[in-house]
Protein chains: 2
Amino acid sequence: MGRRRQSVTIKHVAADAGVSLQTVSRVINKEPNVRPAMKERVQASIDKLGYVPSIAAQRMSGSRSYLILAINDRDLTIADWRAREGRDWVDQMLLGGMLTCAKHGYRMLIELVDTHNDHVERELGAAIAALQPDGVILTPPHSENPLITGLLADRGIPFARIGSTHSGPGIAMTMGDTYNSRIATEHLLDLGHCRIGFIAGPKEFSLSDWRIAGWKEAMFAAKLDTDGLCERGDFGFDSGLVAARKLLDQPSPPTAIIASSDQMTFAVLQVARERGLKVPEDLSVISFDNSPIVRFTEPPLTAVDQPIAATASRAVELLIAARDEGIPDEPVRVRGELVVRGSTGPVPVRDGD
Amino acid sequence: MGRRRQSVTIKHVAADAGVSLQTVSRVINKEPNVRPAMKERVQASIDKLGYVPSIAAQRMSGSRSYLILAINDRDLTIADWRAREGRDWVDQMLLGGMLTCAKHGYRMLIELVDTHNDHVERELGAAIAALQPDGVILTPPHSENPLITGLLADRGIPFARIGSTHSGPGIAMTMGDTYNSRIATEHLLDLGHCRIGFIAGPKEFSLSDWRIAGWKEAMFAAKLDTDGLCERGDFGFDSGLVAARKLLDQPSPPTAIIASSDQMTFAVLQVARERGLKVPEDLSVISFDNSPIVRFTEPPLTAVDQPIAATASRAVELLIAARDEGIPDEPVRVRGELVVRGSTGPVPVRDGD
DNA sequence: TTGAAAGCGCTAACAC
DNA sequence: GTGTTAGCGCTTTCAA
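Residues numbered from 1 in each chain as written. Chains lettered and ligands numbered in written order. Predicted model: local features only at pLDDT ≥ 70, side-chain atom pairs only at ≥ 80, totals over all residues. Heavy atoms only, no water.

Enquirer: Report on the sheet that holds strand 10 (residues 302–305) of chain B, specifying residues and quantitative values.
Expert: All names here are of chain B. With mixed pairing, 6 strands are arranged side by side in an open sheet as 7-6-8-9-10-12. Looking at strand neighbours, the two that pair on one side only are strand 7 (230–232) and strand 12 (337–339), the edges of this open sheet. For this sheet the average axis-to-axis angle between neighbouring strands, irrespective of direction, equals 20°. Bridge count between strand 10 and strand 12: 3 bridges; the pairing is antiparallel. Along strand 12, the bridge assignment pairs Ala-303 with Val-339. (Pairing = 2+ DSSP bridges. Helix = DSSP H or I, 4+ residues; strand = E, 2+ residues; numbered from the N terminus. Axes fitted to C-alpha atoms, helices over the stretch in contact; angles between N-to-C directions.)

Now the structure itself:
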């Protein structure tokens, strides 16, 4: 195989343009203090020779690595991939992240890290040491893992915490969970629903409670009661079954249910089917996530779309800008939207009312 | 921000262990000619200090970059991501590729390249120059683009051509299209079907014809006629409609149809619905791809599963091994399998027969 | 505004 | 078996 060397290096360009390496470097990095004529001459050589700087060399000499690391939970991600149930969280991150990276000459690299592991630090530390990324994007549940945020802060690497509003190091970002939950609730209120149940996610995720807050906000604004209308699940199907049954077993059951994940919403659908409740005639249902499959259920689900791509894109921009401009000290909010499909309808008229 | 330096370098380890840099390097790279006791001492220092080599530095010194580049078609990939229709081609590549990379201390990086572009070479050349990957995975339609394969061959970078059996540079790999198509056909033959239609992909993809070949093999083996039973589409829904109508408009229409993509299969389903044909009672249908959504149609589709993860994983292994062992000169086949669901059934008994 | 020198962290080549 | 030297391609000093 033989050792591979860069075919065109900064030296070739310098020789071709008849200038020093330094001048070429200045042109590459768009530094000031280069006479336009000089700049043009160097650029011409660059184009002629098809020169592209080696990021390894750039990184070596203490400059940027042009790498952004997107950290995802290993087990969750692999489980999703293997399940092949159409969840496209990773794809949406790539869509938003990669394209924005490309715009700035950066690359995005996905790294799977096991949160529930004693060696989180070792794992992440190794990735950092090996890759020397210029920025890191953390997704839940990593975003609020102090071992991880601490490590990154120590190393002085800019990072974004998606799904976290804590103050502290890094860029706090949310996908507008409170807002999203509120507009979902308002959609149901507009349809005349008064008893709106909510199936929340687990406490470990901050966003679980933000979503509850959005729902309560809307309910309180409409002067409606929320007692007994909130159950918790773990985002999974089975937990959704339990929660849905609890909600619908009440003497005065909800006429609409918002569930904090697609899987839990599927569970609501199943429980409704078991009890002969038609969706949306007897029960309206709204899902969170809006992953591809929600269009293939019967009926297709009205769902809160998580703006994953937009958030990843914004994160990349902020991370790249962090070098020169620092990071915002307020949480950055990227709002989602409600996609109305067939699972929500007017409140049913109750027999005997 | 200040320039970030590696916190623990090979020097620290060398100093801690009281040996030369070279010895540490030898231990890292598992080279022979290091006395076990020495090796142990060095390893102890590595562990103690939590040392991880910088891949930038490794790459700089003419060694490996520990990077594998997976090239995908830009437009197709972005369109899939935006459409959010659950196609998980990229995820499956990551699943197979990333995990196998990780096993060997490599990383996989996705790069989007526009095939139908004059600057393919410039685009890919830039990625190569910037990243200096140790290997490249090409997917259709890049796999058979001579501009791309030529460039890679020139640069001496090992690469895998998925979906290509051409001889020539690089590792030719297939996902067993002929075989897959044959077993799909045989499944239908076992169910008693004799008139089995086939909707192929476009000529630009070699695999289109391999699939036709597999279907014909099975049909010929069963001494059945294939005349007028093969139409071509472009993998898209609309082309599937046209093809399905042509097939079903015949005086003696097929009782089963195999379509070369999920979208074209959906089209078959729709045409069947239009004509009041029940699936699978009146018409059996088999899809290629087995992307997540095929489980959500009515009925769920019997489908040929493309072993994307397994192929990516194998590609990574071969690419990493290429450095020391060279590449296989025969095409590497990774076989898919037929996933039987609800869209295939016994041949219908025709009225009046 | 430009250039020269030093060094980033590591490995290949060679010496011992 | 182990150490020494030189150099990868680039950017950061600093000098002119």
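Enquirer: Mind laying out the pattern of salt bridges, listing which residues take part and the relevant values?
Expert: Overall, the coordinates contain 32 salt bridges over all chains when judged by the stated rule. In this structure, the salt-bridge partner of Glu-111 of chain A is Arg-107 of chain B, at a minimum N-O distance of 2.6 Å. Placement of the pair is Glu-111 of chain A in strand 2 (residues 107–113) and Arg-107 of chain B in strand 2 (residues 107–113), with the two residues belonging to separate chains. Side by side, Glu-111 of chain A and Arg-107 of chain B carry an identical accessibility label, which is buried. Salt bridges sharing partners connect three or more residues here, namely Asp-80, Glu-85 and Arg-87 of chain A. (Salt bridge = Lys/Arg side-chain N within 4 Å of Asp/Glu carboxyl O. Buried < 20%, exposed > 50% of the residue type's maximum accessible area, 1.4 Å probe, protein only.)

Enquirer: Account for the packing of aromatic side chains, with residues named and values stated.
Expert: Residue and element names in this part refer to chain B. Inspection of every chain in the model, using the stated rule, returns 6 aromatic pairs over all chains. Centroid distance Phe-198 to Trp-215: 5.3 Å. Interplanar angle 25°. Geometry classified as stacked. Here Phe-198, found in strand 6 (residues 196–200), pairs with Trp-215, found in helix 10 (residues 206–221); they are 17 residues apart in sequence, far enough to count as distant. There is no split in this pair, since Phe-198 and Trp-215 are both buried. An angle of 75° between the planes, with centres 5.3 Å apart, marks the rings of Phe-205 and Phe-235 as edge-to-face. (Phe/Tyr/Trp six-rings, centres within 6.5 Å; stacked < 30°, edge-to-face > 60°.)

Enquirer: Help me get a handle on the packing of helix 1 (residues 10–17) of chain A against helix 3 (residues 36–49) of chain A, residues and values and all.
Expert: Residue and element names in this part refer to chain A. One way to put it is that helix 1 packs onto helix 3 with a least axis distance of 9 Å and a crossing angle of 125°. With respect to each other, helix 1 and helix 3 are oriented oblique. Crossing geometry of helix 1 relative to helix 3 is assigned as right-handed. Two secondary-structure elements touch here, helix 1 through His-12, Val-13, Asp-16 and Ala-17 and helix 3 through Arg-41, Val-42, Ser-45, Ile-46, Lys-48 and Leu-49. Partitioning the contact of helix 1 with helix 3 into residue classes produces 5 nonpolar, 2 polar and 3 charged. (Parallel < 35°, antiparallel > 145°, perpendicular 65-115°, else oblique. Left-handed = near helix turned anticlockwise from the far one by under 90°. Contact = heavy atoms within 4.5 Å. Nonpolar A, V, L, I, M, F, W, Y, C, P; charged D, E, K, R; others polar.)

Enquirer: Could you give an account of the side chain of Ser-260 of chain A, naming the residues involved and the relevant values?
Expert: With respect to the element layout, Ser-260 of chain A can be found in the loop between strand 8 (256–259) and helix 12 (262–274). Beyond its immediate chain neighbours, meaning those up to four positions away, Ser-260 of chain A contacts Phe-198, Ile-199, Ala-200, Gly-201, Arg-211, Phe-235, Phe-288 and Asp-289 of chain A.

Enquirer: Explain the side chain of Thr-139 of chain B to me, using residue names and the numbers behind them.
Expert: All names here are of chain B. Inspection of the secondary structure puts Thr-139 in the loop between strand 3 (135–138) and helix 8 (146–155). Since its relative accessible area comes to 1%, Thr-139 is described here as buried. A distance of 2.9 Å separates the side chain of Thr-139 from the backbone oxygen of Ile-71, its partner in a polar contact. If we ignore the near neighbours within four places in the chain, the residues touching Thr-139 are Ile-71, Asn-72, Trp-89, Met-93 and Ile-162. (Polar contact = N/O pair within 3.5 Å; in protein donor to acceptor, adjacent residues only side chain to side chain.)

Enquirer: Summarise the packing of helix 11 (residues 237–248) of chain A against helix 12 of chain A; cite the residues concerned and give the values.
Expert: All names here are of chain A. Remark: helix 11 packs on helix 12, axes separated minimally by 7 Å, with the N-to-C direction vectors making an angle of 50°. The angle between helix 11 and helix 12 places the two elements in the oblique class. Classified by chirality, the crossing of helix 12 by helix 11 is right-handed. For the pair formed by helix 11 and helix 12, the contact residues are Phe-237, Ser-239, Gly-240, Leu-241, Ala-244, Arg-245 and Leu-248 on the first element and Gln-263, Met-264, Phe-266, Ala-267, Val-268, Gln-270, Val-271 and Glu-274 on the second.

Enquirer: So, the protein's contact with DNA strand D: which residues are in play, and what are the values?
Expert: Looking at DNA strand D, there are 28 residues lining it, with Ile-10, Gln-22 and Tyr-51 of chain A together with Thr-23 and Arg-26 of chain B nearest. Taking Gln-6 of chain A, its main chain carries an N or O atom lying 3.2 Å from a phosphate oxygen of DNA strand D. The backbone of Arg-35 of chain B places a nitrogen or oxygen atom 2.7 Å from a phosphate oxygen of DNA strand D. For the surface near DNA strand D, the class distribution of residues is 9 nonpolar, 14 polar and 5 charged. (Near = heavy atom within 4 Å.)

Enquirer: I'd like to hear about the protein's contact with DNA strand C, residue by residue, with values.
Expert: Taken together, the neighbourhood of DNA strand C is formed by 29 residues, with Thr-23 and Arg-26 of chain A together with Ile-10, Gln-22 and Tyr-51 of chain B sitting nearest. Contacts to DNA strand C include Thr-23 of chain A, whose side-chain N or O atom sits 2.5 Å from a phosphate oxygen. In the environment of DNA strand C, a phosphate oxygen lies 3.3 Å from a nitrogen or oxygen atom belonging to the backbone of Ser-54 of chain B. A per-class count over the surface near DNA strand C returns 9 nonpolar, 14 polar and 6 charged.

Enquirer: Quick rundown of the interface of chain A and chain B? Include the residues and the values.
Expert: Contacts between the two partners involve 58 residues from chain A, matched on the other side by 58 residues from chain B. A buried area of about 5100 Å², summed over both sides, lies between chain A and chain B, and 57% of it is on carbon and sulfur atoms. In this assembly, chain A and chain B are joined by 6 salt bridges. For Arg-84 of chain B, the salt bridge identified is with Asp-88 of chain A, shortest N-O distance 2.9 Å. On the surface where chain A and chain B come into contact, there are 20 residue pairs in polar contact (both at pLDDT 80 or more). Those elements that provide at least two residues to the side of chain A that touches chain B are helix 4 (55–60), helix 5 (74–83), helix 6 (89–103), strand 2, helix 7 (120–131) and helix 13 (308–325) of chain A. Counting residues per element, the side of chain A that touches chain B draws most heavily on helix 6 of chain A, which supplies 7 residues. Its residues placed into classes, the side of chain A that touches chain B shows 30 nonpolar, 11 polar and 17 charged. (Buried area = accessible area lost by both parts, 1.4 Å probe.)

Enquirer: Which residues make up the environment of Val-13 of chain B, and what values go with them?
Expert: All names here are of chain B. Inspection of the secondary structure assignment puts Val-13 in helix 1 (residues 10–17). Residue class for Val-13 comes out buried when judged on its relative accessible area of 0%. A sequence separation of 34 residues divides Val-13 from Asp-47, and the C-alpha atoms of the two residues are 9.4 Å apart. Once you skip the residues sitting within four places of it in the chain, Val-13 turns out to touch Val-8, Val-24, Val-42, Ser-45, Ile-46, Leu-49 and Tyr-51.

Enquirer: I'd like a rundown of the relation of the copies chain A and chain B, residues and numbers included.
Expert: A rotation about an axis combined with a shift along that same axis relates the two copies of the chain. Of the transformation placing chain A onto chain B, the axial shift is 0.0 Å and the rotation is 180°, giving an RMSD of 0.1 Å. Expressed as a symmetry operation, the mapping of one chain copy onto the other fits a two-fold axis. (Least-squares fit on C-alpha atoms with pLDDT ≥ 70 in both.)

Enquirer: Tell me about the domain arrangement of chain A, and please be specific about residues and values.
Expert: Annotation of chain A at the domain level lists domain 1 (10–59), domain 2 (67–175 + 308–336) and domain 3 (177–304). Look at where the C-alpha atoms of domain 1 of chain A and domain 2 of chain A centre, and you get two points 33 Å apart. (Domains from an automatic or database assignment.)

Enquirer: How would you sum up the sheet that holds strand 2 of chain A? Please name residues and give values.
Expert: Residue and element names in this part refer to chain A. Pairing is parallel in the open sheet, where 6 strands are placed in the order 2-1-3-4-5-11. This sheet does not close on itself; its edge strands, each paired only once, are strand 2 and strand 11 (332–333). Sheet topology note: the strand 3 (residues 135–138)/strand 4 (residues 159–162) ladder contains 3 bridges and is parallel. Bridging from a neighbouring strand, Leu-138 pairs with Arg-161 of strand 4.

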